[in-house]
Amino acid sequence: MILHESFAKLLELSPDFVSVTYGAGGSNPERSIAVVEHMASQVATIGHLTCVGATVEGTQGIIERFEKAGVEAILALRGDSPKDNPDALSQGEFKTALELVSQAHLRSHIEVGVAAFPEGHPESKDFAQDITVLKLKQDAGATFAVTQLFFDVADYVKLRTLANQAGVTIPILPGLMPISNAKQVIRMAGLSGAKIPADLMAALEATDDEAEAKRIGMEFTIEFGRALLAAEAPGLHIFCLNQAAAATEVARGVGLVG
């Protein structure tokens, strides 16, 4: 399987942790849970949990499985309903990630992480609301945050500065998306509302050569990662998407591994 091959390759880098997304709302959550349990025996693992279609009892059961398997932490996310089940979120007992954080913190010993949004959550009325929610998640027991994909160091610095001013002291780890497949990343950015820099977009659109687009994208990614570390980010969460080669190139390029 591509997943297990990628995981084996990533282990060669001695990563601080790996994270595993969570199937929900019509997909196969059991498969995701099994992957988390398998990986946790070999490296610090963060398992994702979402509110989509989730019950209190079912969520607690998953958390207890994670604890038994030695999972390092969960990433508590609200999540979005899938297209084939648009009412999945409303059908669950959890409606916000804050509720999920409280459940995990009060009823387990597992560490809890949350999402952060350098460009603002698309459903927030303003950036101040995002900061307020992040502080509430910290107060509810979250001990770290991982950002959504983004492409501008200034956005990360703004998020961290305003969060710190509001009393947020947990580390905020920037998410770094390797641009090895330009069309895929452009599509993902559009879905999440992330703004791709105009000069990068122009360079990608100016070529029909996939290899050249990859070169441009990966060069940007590595420079972006270096800039984030220079801005005193506590590390980088490299989005792998089962593509170990791209993640490895970025990790080496930014100097996280030799």
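Everything that follows concerns the structure shown earlier in this document.
Here, residues in each chain are numbered from 1, in the same order as that chain's written sequence. Local features in this predicted model are restricted to residues of pLDDT 70 or higher, and side-chain atom pairs are both shown and tallied only at a pLDDT of 80 or more, whereas totals for entire chains, interfaces and linings draw on every residue. Excluding hydrogens and water, the side-chain figures rest on all heavy atoms present in the structure.

Participant: Please explain the overall build of the protein as it appears in this structure.
Facilitator: Runs of H or I in DSSP of at least four residues are treated as helices and runs of E of at least two as strands, each being numbered from the N terminus. A tally of regular secondary structure across the protein gives 11 helices and eight strands. Values of the radius of gyration come from C-alpha atoms, whereas the globule rule sets the reference at 2.2 Å times the count of residues to the power 0.38. Expected size for 258 residues packed as a compact globule is a radius of gyration near 18 Å; at 18 Å, the protein falls within 12% of this value. Projected onto the principal axes, the alpha-carbon positions of the protein cover approximately 50 × 45 × 40 Å. Contact criterion: two residues are considered in contact whenever any of their non-hydrogen atoms come within 4.5 Å of each other. Once local pairs closer than 6 in sequence are excluded, the contacts in the protein between residues at least 24 apart make up 77%. Note on areas: Shrake-Rupley, 1.4 Å probe, and residue coverage restricted to the protein chains presented here. Counting only carbon and sulfur atoms, one obtains 52% of the accessible surface of the protein, whose full area is about 12900 Å². Asp and Glu are treated as the negative residues and Lys and Arg as the positive ones, with His and the ends of the chain left uncounted. Charged side chains are reduced to one point each, which is NZ for Lys, CZ for Arg, CG for Asp and CD for Glu. Each charge sign in the protein was given a centre, from 20 positive and 32 negative side chains, and these centres are 1 Å apart.

Participant: Could you clarify how one ought to interpret the packing of aromatic side chains in this entry?
Facilitator: Here the aromatic set is Phe, Tyr and Trp, taking the six-membered ring for Trp, and pairing holds for ring centres within 6.5 Å; pairs whose planes are under 30 degrees apart are stacked, those over 60 apart are edge-to-face, and all others are tilted. In the structure shown here, the tally under the stated rule is four aromatic pairs. When the centroid spacing of 6.4 Å and the interplanar angle of 20° are considered together, the rings of Phe150 and Tyr156 count as stacked. Three exposure classes are used, based on accessible area relative to the maximum for each residue type with a 1.4 Å probe and protein chains only: buried under 20%, partly exposed in between, and exposed over 50%. For Phe150, a relative accessible area of 1% translates into the label buried. Taken together, the aromatic side chains of Phe150, Phe151, Tyr156, Phe220 and Phe224 make up a single cluster linked through ring pairs. Charges are assigned to positions over rings by a cutoff of 6 Å between ring centre and Lys NZ or Arg CZ, combined with an angular limit of 35 degrees from the ring normal. Positioned above the aromatic ring of Phe127, the side-chain terminus of Lys158 is 4.6 Å from the ring centre.

Participant: Would you mind going over the sheet that holds strand S4 (residues 111-116) with me for this structure?
Facilitator: Sheet strands line up and pair through hydrogen bonds in the backbone, either parallel or antiparallel. Taken together, six strands build an open sheet; the order of strands is S1-S2-S3-S4-S5-S6 and the sheet is parallel. The sheet is open, and its two borders are formed by strand S1 (18-20) and strand S6 (172-173), each paired with just one other strand. For two strands to pair, DSSP has to find at least two bridges joining them. Direction of pairing for S4 relative to strand S5 (residues 144-147): parallel, over a ladder of four bridges. If you follow Gly113 over to S5, its bridge partner there is Phe144. Only the contacting stretch of a helix is used when fitting its axis, a line to C-alpha atoms as for every element, and angles between N-to-C directions run 0 to 180 degrees. Strands strand S2 (45-50), strand S3 (73-77) and S4 of the sheet are contacted by helix H5 (residues 97-106), whose axis makes an angle of about 155° with S3.

Participant: Where do I start with the packing of helix H6 (residues 127-139) against helix H7 (residues 153-165) in this structure?
Facilitator: Contact geometry of H6 with H7 gives a least axis separation of 10 Å together with a crossing angle of 60°. In terms of their interaxial angle, H6 and H7 are classed as oblique. Between H6 and H7 lies a crossing of right-handed hand. Contacts between H6 and H7 involve Phe127, Ile131 and Leu134 from the first element and Lys158, Leu159, Leu162 and Ala163 from the second. Throughout, the term roughly parallel applies to angles under 35 degrees, roughly antiparallel to angles over 145, roughly perpendicular to angles from 65 to 115, and oblique to all others. Two helices that cross are described as forming a left-handed crossing if the nearer one is turned anticlockwise from the farther one by less than a right angle, and a right-handed crossing if clockwise.

Participant: In this structure, what is going on with helix H8 (residues 182-192)? I would like to understand it.
Facilitator: The α-helix winds at 3.6 residues per turn, so residues separated by three or four positions along the chain end up facing the same way. Here H8 has its buried residues at Ala182, Val185, Ala189 and Ser192. Along H8, the residues classed as buried sweep out an arc of 100° about the axis, all on the same side. Opposite the packed face of H8, turned more than 90 degrees from it, sit the exposed residues Lys183, Arg187, Gly190 and Leu191. In this structure, the buried side of H8 is in contact with helix H9 (198-205) and helix H10 (210-230). Positive phi appears at Gly193, one or two residues downstream of H8, with a value of about 85°. Throughout, the arc means that of the directions going from the helix axis to the C-beta atoms.

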